[in-house]
Number of protein chains: 2
Amino acid sequence: MSLNQISIALLIAASSLPAFAQTKTIAERLGYPPDSKLLIIHADDLAVAHSEDAASFDVLDKHAATSASIMVPCPWLTEVAAYAKDHPDADLGLHLTLTAEWKSYRWGPVESKDRVPTLLDPSGNLWPDVEPAVRNIKPDEAEREIRAQIARAESMGIHPTHLDSHMGTLFAKPELFAVYVKVAHEYKLPFLAVRGPQAPAALLSMLSPSDIVLDSLVMADPSINSANWKNFYTTAIQNLKPGVTEIIVHLGHDDAELQAVTIDHPDYGAAWRQRDYDAVTSPEFKQALEQNHIILIHWKDLKKLLQ
Amino acid sequence: MSLNQISIALLIAASSLPAFAQTKTIAERLGYPPDSKLLIIHADDLAVAHSEDAASFDVLDKHAATSASIMVPCPWLTEVAAYAKDHPDADLGLHLTLTAEWKSYRWGPVESKDRVPTLLDPSGNLWPDVEPAVRNIKPDEAEREIRAQIARAESMGIHPTHLDSHMGTLFAKPELFAVYVKVAHEYKLPFLAVRGPQAPAALLSMLSPSDIVLDSLVMADPSINSANWKNFYTTAIQNLKPGVTEIIVHLGHDDAELQAVTIDHPDYGAAWRQRDYDAVTSPEFKQALEQNHIILIHWKDLKKLLQ
């Protein structure tokens, strides 16, 4: 299991922008001073479990997160579709999903299985980890599946504001990143890509001048002591630099369902997700945003820049 | 939605046995006096939700239910497979599943979707109710799917003791019942069929002389007042007649997960399943079994009679 691989994988998605960079900053293009600190507070993994949905909907309703993304192959998609219908302004993207990482609770692809055989582990579910997924998946089958995920979301009335990648699988190999960028371009959707010092030229070369690349990403990792959770986030907010940052959180309630979903995996487990919920809804978090003059934005704001 | 259709559908599965009936009663064949009251206490719907699994495992461990059956296409199958591995004596069959009846929580087939297109509703999940399932499903695709469900269970180390049908879909049309009987015969598995006064000759003619047919079935239905739940079961036990009866229960905890799974559907909902759990684990239930000299049996006992 390596949900924590996402932080490494994301860093290779893009580095400092090459010569074709926009001359105006994203802040300016959105009507803010050029050196503004813009922040997306993003809840991952909607539809994976009811506990995850309930906690995420609550945080979105409180405007304590600005955006979220949905795992279309997961069992609770219909619950999220109902929320989307009732909250047409909610900023919901698709967390394109090519893995099913939990021990007792699994899911398969949206596509017909015989059209995406390399996406399946021996049990007929999606691969349980990034490494076997990347080793086995043929890019054309990944493309077929992510197109099917977008089509299913659309058919259920979900109109995504952006795309990103569950566990970073689509960032983990140039051929998969190429599919991700190709499909995002075709749908005119912004997609998660972040500057980083180690971005391979092969990935960078796939971006177009109009693509929006985030400046930094913040996500809790297993090195953080649970007693220090809120402090991790408030410190991150204090240290934000001008540009666009996304804080990725995983929200849930530490209840029987989520404990069973995440069994034997404390990293990104039920208590972890409860800590994330407690942190983003805390007065300290809100105060840190205010004191550091953080401007909260949504993916749909970035989407407008593409039109 | 019509989980309650199961009681009607089951009644048409078989009526009083025709001339080819075994001369010895099942009780005698199992080594009991001919007029014994044999009872299977059967938990349906394993794998549908963690709450369902946890409650069912607890009741099986307490020997308050003797048997259970598993919904192979459902998300929590791996949790049940782990239980089966840890409890090789557990009496677990397959609750062959051609419907996905809940509002916010859905599942698709085990088979590749383009090999079973008539099993899918417009959202790509299994049909939400028996009526559209029976109207749309081609029998050869139903056969393909139930074979895939058996194969997946076997591949995960689940060796089923019997077969039955979720929501009675396979009892609702002769062509589907024929598939059910054909596959059960091929795997040499006993399958749920119950004598009833209205059994059509078309269904009866599909049974072979060696098939085991239960004498009666008891299942709570929406007409029962929730305050009268335990009394419904103890009265049913007092009224048991000689022969083989199955009491079907739906076990779960009335928690956030199961409330969300069964949202907007109090019949067979979370509180209902908690009431079933409370009833079968109650001292009154146990006392009724003892006072009425009920002999608890398992499907695996019946399976041995086929060999």
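These numbers were taken from a predicted model, which means no experiment stands behind them.

**Some thoughts on empty space enclosed by the protein**
Step number 1: One pass over the structure, following the stated rule, counts four cavities of 30 Å³ or more.
Step number 2: Lining the largest cavity are 36 residues, with Pro73, Trp107 and Gly108 of chain A together with Trp107 and Gly108 of chain B sitting closest to its centre.
Step number 3: Of all the elements in the fold, those that place two or more residues in the lining of the largest cavity are α4 (77–86) of chain A together with α4 (77–86) of chain B.
Step number 4: Roughly 40 Å³ of internal volume is contained in the second largest cavity.
Step number 5: Residue lining of the second largest cavity: Asp45, Val48, Glu52, Met71, Glu101, Trp102, His166, Leu258, Val261, Thr262 and Arg273 of chain A, and that is the complete set.
Step number 6: Here the lining of the second largest cavity is built from residues that sort into five nonpolar, two polar and four charged.

**A short note on the side chain of Thr234 of chain B**
Step number 1: Here Thr234 of chain B lies in helix α9 (residues 229–238).
Step number 2: Residues in contact with Thr234 of chain B, not counting those within four places in the same chain, are Glu284, Phe285 and Ala288 of chain B.

**What to know about the relation of the copies chain A and chain B**
Step number 1: Superposing chain A onto chain B takes a rotation of 180° combined with a translation of 0.0 Å along the rotation axis, leaving an RMSD of 0.0 Å. One copy is carried onto the other by what is essentially a two-fold rotation axis. The position closest to the rotation axis in chain A is occupied by the C-alpha of Ser112 of chain A, lying 2.5 Å away.
Step number 2: Comparing interface residues between copies, 100% of those in chain A also sit at the interface in chain B, which points to an isologous, same-surface contact.

**Focus on unusual backbone geometry**
Leave glycine aside and you will find that most residues have negative phi; peptide bonds, for their part, are mostly trans.
Step number 1: With a phi angle near 90°, Ala47 of chain A is a residue other than glycine that sits in the positive phi range.
Step number 2: In this fold, Ala47 of chain A is placed in the loop between β1 (37–46) and α3 (50–61).
Step number 3: According to the relative accessible area criterion, Ala47 of chain A is buried, its value standing at 0%.
Step number 4: Phi at Met167 of chain B is positive, roughly 60°, even though this residue is not glycine.
Step number 5: Inspection of the secondary structure puts Met167 of chain B in the loop between β4 (163–165) and α7 (174–186).
Step number 6: Residue Met167 of chain B is classed as buried on the basis of its relative accessible area, which comes to 1%.

**Focus on the interface of chain A and chain B**
Step number 1: Listed by partner, the interface residues are 23 residues for chain A and 24 residues for chain B.
Step number 2: Area buried by chain A at its contact with chain B is led by Trp76, Ser104 and Lys113 of chain A, which between them contribute 24% of it.
Step number 3: Where chain A meets chain B, there are zero salt bridges.
Step number 4: Elements supplying a minimum of two residues to the side of chain A that touches chain B: α4 and α10 (256–261) of chain A.

**Here's the deal with the packing of aromatic side chains**
Step number 1: Under the criterion given, the structure shown has 22 aromatic pairs over all chains.
Step number 2: Ring geometry for Tyr105 of chain B versus Trp107 of chain B: centroids 6.1 Å apart, planes at 75°, classification edge-to-face.
Step number 3: Taking 4.9 Å as the distance between ring centres and 70° as the angle between the ring planes, the aromatic pair formed by Phe232 of chain B and Tyr233 of chain B counts as edge-to-face.
Step number 4: By the ring-pair criterion, three or more aromatic residues cluster together here, those being Phe171, Phe177, Tyr180 and Phe191 of chain A.
Step number 5: Stacked on the ring of Trp229 of chain A, the Lys or Arg Arg275 of chain A has its end atom at 4.1 Å from the ring centre.

**Some details on the nonpolar core**
Step number 1: Ranked by size, the top nonpolar core spans 209 residues in total, and within it Tyr180 of chain A together with Tyr180 of chain B carry the most contacts.
Step number 2: Other than its neighbours up to four places away in sequence, Tyr180 of chain B contacts Leu96, Ile146, Leu163, Asp164, Leu170, Phe171, Phe191 and Leu192 of chain B.

The rules behind the values
- Residues numbered from 1 in each chain as written.
- Chains lettered and ligands numbered in written order.
- Predicted model: local features only at pLDDT ≥ 70, side-chain atom pairs only at ≥ 80, totals over all residues.
- Heavy atoms only, no water.
- 1 Å grid on protein atoms, 1.4 Å probe; cavity = no way out; pocket = protein on both sides within 12 Å on 5 of 7 lines; lining within 4 Å.
- Points joined across faces, edges and corners; volume = space filled by probe spheres on them.
- Helix = DSSP H or I, 4+ residues; strand = E, 2+ residues; numbered from the N terminus.
- Nonpolar A, V, L, I, M, F, W, Y, C, P; charged D, E, K, R; others polar.
- Contact = heavy atoms within 4.5 Å.
- Least-squares fit on C-alpha atoms with pLDDT ≥ 70 in both.
- Buried < 20%, exposed > 50% of the residue type's maximum accessible area, 1.4 Å probe, protein only.
- Buried area = accessible area lost by both parts, 1.4 Å probe.
- Salt bridge = Lys/Arg side-chain N within 4 Å of Asp/Glu carboxyl O.
- Phe/Tyr/Trp six-rings, centres within 6.5 Å; stacked < 30°, edge-to-face > 60°.
- Lys NZ or Arg CZ within 6 Å of the ring centre and 35° of its normal.
- Core = buried A, V, L, I, M, F, W, Y, C linked by side-chain atoms within 4.5 Å.

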